[in-house]
Amino acid sequence: MLWPGLASGTLKNFDAEGFGGFGPLSDLTYDDWEQLGRDLANCNKLDTIHFGGINIRVVTNVDQIMSFLFRGWTRSSSITEMGLYNNEFSVAGARSMVPFLQNADSLKSLALDFNNIQSEGFNIVFRALCDSPIELLSFKVCGIKSIEIDSEHIPKNLKSLYLWENSINIDGCRGLAKLLHGGDATLERLYLGNNNIDDDGVEILSEALQNNTSLLELNLEINDGISIQGQIMMLKLVNDISSIEATLQTNSTLTDLDFDEYMGEIQECTDFACRSESNRQKVIETQLHSIRRSKLCRLQGIERSNAAFYGEFDPLHLPEILALVGQAHGLSELHVALKSSIVALRSTGDRVQCLEQELAYHQSRVANLQAEIASIKRAEGNRAEVGSDSDNKRRRI
C-alpha cells in the first residue's frame, strides 16, 4: 500500500503534486489507479486532495488514468477541497469524474486548472455539480469558449467562478449571464480575465448585472476586444451620471470591477463608485461635487452644466441640497453650488414669467372666442323670432 493512511482510513490530506509526477505515482499501473480510487472512496477522514502534473513526461494517456481512477472513486462523504490541475486531461477525463461529482456530498472547492476539457468538459462538470454543496470552481487555462448553462442545473451554493485565460466569447457571456439573473443568484466572484470578451459580451454582462444583488467582484482584465465604449458601459453600470435618478438605479453591490490593468481614468472612476457604500452616497460624492460630476459627464458623453444640474431640483429643496454640499465637500464646492443654483432660480423665475404671459394671452383668446360664440347665438335667436312673427301674421290674414 503506497499510502498507509488511506488503508487505515485516517489520512486527512492527500497531496501528490509535481511536474512529471511525484514519488510513486509515476510507477502506478492502471489497476493501481483503480485501487487508489477505491482507497480514496473508503477513507472517510479525507478532507483535501491535490493531484498536480501527474502526466507530464510520465504517462501518455491521462484520460485513461482518469477513467481507472474514477472507476474506483465514485463517492466521498468527507472531501471538501479537490484539485486536479496541470494534468492535460480532456473531455473524456472530465466525463469520468461525473459519478464522483454527483456523490461528493461535502465538496465545496474544485480546481481543474491547466487541463484541456474545453467547453464540453466544463458543461459536463458544471451540470454534474448541480445538487452539490460546491462553492468554488476554478477552470483556468482549460480551452473554454462557449458556455451552456441550464437554469435548472445551476449549483445552488456557488459563490466563486474562476475562468481566467480561456477563450470565452459572446456565447460564453450569454451562458454566464444566467448565473447573474434573478433573485436566486448566489455568485459573488467571477474572474474572466484574459479571454476573448468584446463590447457585445460586456453589454450582455452589464444588463445581467443591472439588478443583480449577489456579485461582489468581476474581473475582465486583458480582454483586448473591450474598447473604451465597453469600459464606459462598465462605468455606467455602477454610476450613470445622466441624472440623479439614473445614479440611484445603478448597481450598488459590486465592490471590485476591474477591466483596465493600466488603471486609466475610466477604471479610476469605476473604482471610486464601487467604494461607495450606497447609491445615495454616490449621488453625494459625485453628483453634488462639480469637478467629479464634470469628469463623469465628459467620460460618458453627457453635456450638463452646473446651472442645468441645479435647475433639476425643486426650488423648495435647494436649501437642503446646498447644506448637504457644504457638509460633504466644503466651502469651495458650496460656493460653486450657490452660484449655479442662483442662475437656476433666475432661469426658473424667467420661465415662470413667460408661462404666466402665455397663460394670460390664451385666457384673453378664450374670452374673445366665448364672446364671439355668444354673439353668433344671439344673432341666430333674433332671426328665429322674426321668422315666427311673419308666420303668425299670414295665418291671421
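Parameters at a glance
Residues numbered from 1 in each chain as written. Predicted model: local features only at pLDDT ≥ 70, side-chain atom pairs only at ≥ 80, totals over all residues. Heavy atoms only, no water. Helix = DSSP H or I, 4+ residues; strand = E, 2+ residues; numbered from the N terminus. Buried < 20%, exposed > 50% of the residue type's maximum accessible area, 1.4 Å probe, protein only. Contact = heavy atoms within 4.5 Å. Areas by Shrake-Rupley, 256 points an atom, 1.4 Å probe, with all protein chains shown as cover. Core = buried A, V, L, I, M, F, W, Y, C linked by side-chain atoms within 4.5 Å. Pairing = 2+ DSSP bridges. Salt bridge = Lys/Arg side-chain N within 4 Å of Asp/Glu carboxyl O. Axes fitted to C-alpha atoms, helices over the stretch in contact; angles between N-to-C directions. Parallel < 35°, antiparallel > 145°, perpendicular 65-115°, else oblique. Left-handed = near helix turned anticlockwise from the far one by under 90°. Nonpolar A, V, L, I, M, F, W, Y, C, P; charged D, E, K, R; others polar. pLDDT = per-residue confidence, 0-100.

### What to know about the overall build of the protein
And step 1. Each helix and strand in the protein was counted, giving 16 helices and 9 strands.
And step 2. The proportion of buried residues among the 397 residues of the protein is 45%.
And step 3. Taking as baseline every contact in the protein between residues at least 6 positions apart, the subset at least 24 positions apart corresponds to 77%.
And step 4. Surface summary for the protein: the accessible area is close to 20500 Å², and the carbon and sulfur share equals 49%.

### Focus on the nonpolar core
And step 1. By size, the foremost hydrophobic cluster in this structure holds 85 residues, and its most contacted members are Phe51, Trp73, Met82, Leu110 and Phe139.
And step 2. It is helix α3 (residues 62-72) that provides the largest number of residues to this core, a total of 6 residues.
And step 3. Look past the residues within four positions of methionine 82 in its chain and what remains in contact with it is Ile49, Phe70, Trp73, Met97, Phe100, Leu107, Ser109, Leu110 and Ala111.
And step 4. Of all hydrophobic cores here, the second largest spans 12 residues; its members include Ile244, Leu318, Leu322 and Val325.

### A few points about helix α13 (residues 290-300)
And step 1. Among all positions of α13, only Ser290, Arg293, Leu296, Cys297, Leu299 and Gln300 are buried.
And step 2. One or two positions beyond α13, positive phi appears at glycine 301, with a value near 70°.

### A word on the pairing of strand β3 (residues 81-85)
The side chains of a regular strand alternate between the sheet's two faces.
And step 1. Most of β3 sits inside the fold, with 4 of its 5 residues counted as buried.
And step 2. When β3 meets strand β4 (residues 109-111), the two strands line up parallel, connected through 3 bridges. Residue pairing across strands places glutamate 81 opposite serine 109, the latter belonging to β4.

### Re the pattern of salt bridges
And step 1. Within the structure shown, the criterion is met by 9 salt bridges.
And step 2. Its salt-bridge partner being arginine 95, residue glutamate 120 comes within 2.9 Å of it at the nearest N-O pair. Of this pair, glutamate 120 sits in helix α6 (residues 118-128) while arginine 95 sits in helix α4 (residues 91-96), and the two are 25 residues apart along the sequence.
And step 3. On the basis of relative accessibility, which here comes to 42%, the residue arginine 95 falls in the partly exposed class.
And step 4. As a salt-bridge pair, arginine 174 and aspartate 171 come within 2.6 Å of each other at their nearest N and O atoms. With arginine 174 and aspartate 171 both in helix α7 (residues 170-177), this residue pair falls 3 residues apart, about one helical turn.
And step 5. Among the residues examined, arginine 174 registers a relative accessible area of 43% and is labelled partly exposed.

### Some remarks on the sheet that holds β3
And step 1. Judged by pairing direction, the sheet is parallel, and its 9 strands sit side by side in the order β1-β2-β3-β4-β5-β6-β7-β8-β9 without closing on themselves. Unpaired on one side and paired on the other, β1 (13-16) and β9 (256-258) mark the two borders of the sheet. Each strand of the sheet is rotated relative to its neighbour by a mean of 5°, with strand direction disregarded.
And step 2. Alignment of β1 against strand β2 (residues 48-52), held across 4 bridges, turns out to be parallel.

### Let's talk about the environment of leucine 137
And step 1. For leucine 137, the position within the fold is in strand β5 (residues 136-138).
And step 2. What makes leucine 137 buried here is its relative accessible area of 0%.
And step 3. Each C-alpha atom, one on leucine 137 and one on leucine 110, is 5.1 Å from the other, the two residues being 27 residues apart in sequence.
And step 4. The residues touching leucine 137, leaving out its near neighbours within four places in the chain, are Leu110, Phe126, Leu129, Leu158, Ser160, Leu161 and Tyr162.

### Here we look at the packing of helix α9 (residues 228-238) against α13
Relative placement of two packed helices is described by the angle separating their axes and the distance separating the axes.
And step 1. Where α9 meets α13, the closest approach of the two axes is 10 Å, and the angle between their N-to-C directions is 135°. Relative to α13, α9 is oriented oblique. Along this stretch, α9 crosses α13, giving a crossing that reads as left-handed. Residues Ile232, Leu235 and Lys236 of α9 form the contact with α13, whose participating residues are Leu296, Leu299 and Gln300.
And step 2. Classifying every residue of the contact of α9 with α13 gives 4 nonpolar, 1 polar and 1 charged.

### Some words on the confidence of the model for the protein
A low pLDDT score tells you not to read the predicted coordinates there in detail.
And step 1. For the protein, mean pLDDT is 88; residues scoring 70 or higher make up 86% of the total.
And step 2. Confidence over residues 18-23 falls short of pLDDT 50; this stretch has 16 contacts with residues more than four positions distant or in other chains.

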